[in-house]
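# Close look at the chain arrangement
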Amino acid sequence: MKLARDDWFDLARKLDWTYGYVGERDVFPEEASGAPWLPHDAWAGWNEPFRTTYAEYVATQAQKEAAVHAVREAVGRPEDFQRHDRRWLSALKLHAATLPLAEFAATIGNLRAARFARDSAWRGTALLGALDELRHTQLPLVALHDLVKWDRQFDWTHRFYHSNDWVAIAARHVMDEMLLAADPIELAVATNFVFETGFTNLQFVGLSAMAHDVGDRMFETMLKSIQTDEARHAQIGPTVVRTLVAHDRARAQRLVDKWFWRHWLLFAVVTGFAMDYLTPLAHRRSSFKEFMQEWVLDQFARSLADVGLELPAYWPTFLESLDWYHHMVYASAYTYRATVWFDLAVPGPDERAWLRAKYPASWDALDPVWERVAERWRESGPGVEWYTHGTTPVGFCSLCQLVLCGGTPARNTAQVVDRDGRRYIFCSEPCRTIFEAEPERYAEHRDVVKQILAGEAPANLLELLRTHFGLTQDEWGKDVAGGDYPWLRR
Ligand code: MN
Ligand code: MN
């Protein structure tokens, strides 16, 4: 006789033992399970709406895998990728590098939750989450592997997080803290609540819509397939946050504030570049700012209100940075393009008109940067890579590890803090506040400049990117068109 699902599922899912010969605190120590440490009763109401059994999980995932592989068979060969615009391929290289090994770190974070989270249903859902994240590691690695022999920059899909490239240091700094070092409570707030319900819609809905318009069915299918998993295991978040708010509201607010800002900076780079600069103009439907407003701001404000939390205190700063931050970093990255593993494009007259229409508050101040860049290309002629910078590396934020690009071209928001005889510099007020709330967590980190000062990395920029970042000349970033833009020709 076969038991009906509903006759056994709740019993199996909510199976928390009463411990006989050890205490609950020994089974779930605070260092591993997270603060505040509460008796199990406080977590016993933990629930999420998907309520998936393992058998259902396996059946559904097998179908999703079959669907992705069918698309890969049809349109996933190197010659299919070679048809895409080179700017779009740059967006793909940027995502392909930052995504898969962060997903693998998420596997580890979820496995920790599968052991140390405080309710059995939470642990079970985290275990399925770990399997999801392993799939998200494998999909981009397998999809892009064949491209390596055609274009060496795709090798960074796997190599990126193993390198000392400055973007990798910044991405590792945030991903390691969130996924490898966080306890299950902080993981649930940072990953499930803020990242997966706050930001990944933008990534998986907004960006996959752009992939569709560009005609990149492989990337579109992969993103959508990943998103169906994220939507399920993201449900770990709200119920953890509610319990945290009920017992330690201040910690809940502080974690939400910290993680929204940290994710914002990384998203501005990865998704901001793709949406406003690397997607061909004809295929752009909305600007990055519009996507943020549609997919992140409203929903995040609603999610916070639902759990009884406030918008972060830096909200006005954040809203202002929507007009500036990713533009500032992109201009900086273009100037220092040899320090990254993908190519960058100069926005032409049509794109600059589009950017001016989308960013009326900031574009007049940003446009002269591109006028100067275009002028340089007119002087040098196409095909000759030039760099406006000297041979000295730039400065990086002591919290986010990204280049100091806060504020506007006229007013940089960098802040200096002296602490225990050491000097720290931050790109923005929120980065400084996050650092100062947990200095013991961040103070010992050594960014590229500190490594150079300690003699562990070369001070000469070309040497630095060859020997320390691990970029060879055929891999490092160049102008996507070699300066040969139709609008530049006389
Ligand atoms: Mn994932
Ligand atoms: Mn996830």
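Residues numbered from 1 in each chain as written. Chains lettered and ligands numbered in written order. Predicted model: local features only at pLDDT ≥ 70, side-chain atom pairs only at ≥ 80, totals over all residues. Heavy atoms only, no water.

Broken down by element type, the protein carries 24 helices and 2 strands. Against the compact-globule benchmark of 23 Å for 490 residues, the protein has a radius of gyration of 23 Å, which places it among compact chains. When the 490 residues of the protein are sorted by exposure, 58% land in the buried category. Within the protein, contacts between residues separated by at least 24 positions form 78% of all contacts whose residues are at least 6 apart in sequence. Of the roughly 20000 Å² of accessible surface on the protein, 56% is carried by carbon and sulfur atoms. Across the protein, 54 positive and 67 negative side-chain charges occur, with their mean positions spaced 2 Å apart. (Helix = DSSP H or I, 4+ residues; strand = E, 2+ residues; numbered from the N terminus. Rg over C-alpha atoms; globule rule 2.2 N^0.38 Å. Buried < 20%, exposed > 50% of the residue type's maximum accessible area, 1.4 Å probe, protein only. Contact = heavy atoms within 4.5 Å. Areas by Shrake-Rupley, 256 points an atom, 1.4 Å probe, with all protein chains shown as cover. Lys, Arg positive; Asp, Glu negative; His and termini not counted. Charge placed at Lys NZ, Arg CZ, Asp CG, Glu CD.)

Moving on: the confidence of the model for the protein. The predicted structure's coordinates, where accompanied by low pLDDT, should not be read in detail. Model confidence for the protein is summarised by a mean pLDDT of 93, while 98% of its residues fall at 70 or above. Model confidence for the protein, summarised as mean pLDDT per element, is weakest for helix α23 (residues 448–453) at 88 and strongest for helix α19 (residues 349–358) at 98. (pLDDT = per-residue confidence, 0-100.)

For the manganese ion (ligand 2), the full set of protein donor atoms is Glu133 (OE), Glu196 (OE), Glu230 (OE) and His233 (NE2), at a range of 1.9 to 2.2 Å. The sequence pattern formed by the donor residues of the manganese ion (ligand 2) is E-x62-E-x33-E-x2-H. In this structure the manganese ion (ligand 1) is found 3.4 Å away from the manganese ion (ligand 2), and Glu133 serves as a bridging donor for the pair. Taken together, the residues Glu133 in helix α9 (residues 120–145) and Glu230 in helix α13 (residues 217–233) connect sequence positions 97 residues apart. Judged by its relative accessible area of 1%, Glu133 falls in the buried class. Classification of Glu230 by relative accessible area gives buried; the value is 3%. (Donors = N, O, S within 2.8 Å, 3.2 Å for Na, K, Ca; no water.)

Further remarks concern the coordination of the manganese ion (ligand 1). Think of it this way: four donors in a tetrahedron around the metal ideally sit 109.5 degrees apart, and six in an octahedron ideally sit 90 or 180 degrees apart. With distances of 2.0 to 2.2 Å, the protein atoms coordinating the manganese ion (ligand 1) are Glu103 (OE), Glu133 (OE), His136 (ND1) and Glu230 (OE). Positions of the donor residues of the manganese ion (ligand 1) along the chain correspond to the pattern E-x29-E-x2-H-x93-E.

Here α13 contains 17 residues, and its C-alpha end-to-end distance of 25 Å stays within 8% of the 24 Å for a straight helix at 1.5 Å per residue. Most of α13 sits inside the fold, with 13 of its 17 residues counted as buried. (Expected span 1.5 Å × (residues − 1).)

On to the packing of aromatic side chains, then. The geometry of an aromatic ring pair is captured by two quantities: the separation of the ring centres and the angle between the planes. A complete count under the given rule lists 32 aromatic pairs for this structure. Between Trp264 and Phe288 the ring centres are 6.0 Å apart and the planes differ by 10°, which places this aromatic pair in the stacked class. One end of the pair, Trp264, is in helix α15 (residues 249–278); the other, Phe288, is in helix α16 (residues 288–307), and 24 residues separate them in sequence. Each member of the pair, Trp264 as well as Phe288, carries the same accessibility label: buried. Grouping aromatic residues by their ring pairs yields a cluster made of Phe195, Phe199, Phe260, Trp264, Phe267, Phe288, Phe300, Trp315, Phe318 and Tyr325. Positioned above the aromatic ring of Phe9 is the side chain of Arg5, whose terminal nitrogen or guanidinium carbon lies 4.5 Å from the ring centre. A cation over an aromatic ring shows up here: Arg25 above the ring of Trp37, its NZ or CZ 4.3 Å from the ring centre. (Phe/Tyr/Trp six-rings, centres within 6.5 Å; stacked < 30°, edge-to-face > 60°. Lys NZ or Arg CZ within 6 Å of the ring centre and 35° of its normal.)

A word on the nonpolar core. In this structure, Trp264, Phe273, Met292, Phe318 and Trp341 are the most contacted members of the largest nonpolar core, which totals 153 residues. When residues in this core are grouped by element, the largest group, 18 residues, is from α15. Beyond its immediate chain neighbours, meaning those up to four positions away, Phe318 contacts Phe260, Trp261, Trp264, Met292 and Leu297. (Core = buried A, V, L, I, M, F, W, Y, C linked by side-chain atoms within 4.5 Å.)

The amide bond that connects Ala35 to the next residue, Pro36, takes the cis arrangement and shows omega of -5°. Look at Arg51: it is not a glycine, yet its phi comes out positive at around 45°. Its location among the elements puts Arg51 in the loop between α4 (40–43) and α5 (54–75). Backbone geometry at Asp420 places phi at a positive 50°, although glycine is not the residue there.

What follows covers the pairing of strand β2 (residues 422–426). In terms of strand pairing, strand β1 (residues 415–419) meets β2 through 5 bridges, oriented antiparallel. Looking at the pairing, Val416 lines up with Ile425 of β2. (Pairing = 2+ DSSP bridges.)

Our focus in this paragraph is helix α7 (residues 86–98). In an α-helix, one full turn covers 3.6 residues, which means residues spaced three or four apart are oriented alike. The end-to-end C-alpha distance of α7, which contains 13 residues, comes to 19 Å, matching closely the 18 Å that a straight helix rising 1.5 Å per residue would cover. Between the side-chain oxygen at the start of α7 and the backbone nitrogen of Arg87 there is a gap of 2.7 Å, and the oxygen is on Asp85. (Polar contact = N/O pair within 3.5 Å; in protein donor to acceptor, adjacent residues only side chain to side chain.)

Across all of its chains, the model carries 0 disulfides by this definition. For Cys397, which is in no disulfide, the shortest distance to another cysteine sulfur is to Cys400 and amounts to 3.8 Å. Considering cysteine sulfurs only, Cys427 is the nearest to Cys431, which forms no disulfide, with 3.8 Å between them. (Disulfide = S-S within 2.5 Å.)

We now examine the pattern of salt bridges. Enumeration according to the criterion identifies 55 salt bridges in this entry. For Asp183, the salt bridge goes to Arg251, with nearest N and O atoms at 3.8 Å. On the criterion of sequence distance, the pair formed by Asp183 in the loop between α11 (166–180) and α12 (184–214) and Arg251 in helix α15 is long-range, its members being 68 residues apart. Note on Asp183: relative accessible area 14%, which makes it buried. Judged by relative accessible area, Arg251 falls into the buried class, the value being 14%. The residue Lys358 makes a salt bridge to Glu290 at a minimum N-O spacing of 3.1 Å. A residue pair is termed long-range when its members are at least 10 positions apart, and Lys358 in helix α19 and Glu290 in helix α16 qualify at 68 residues. On the basis of relative accessible area, Glu290 is assigned to the partly exposed category, the value being 31%. (Salt bridge = Lys/Arg side-chain N within 4 Å of Asp/Glu carboxyl O.)

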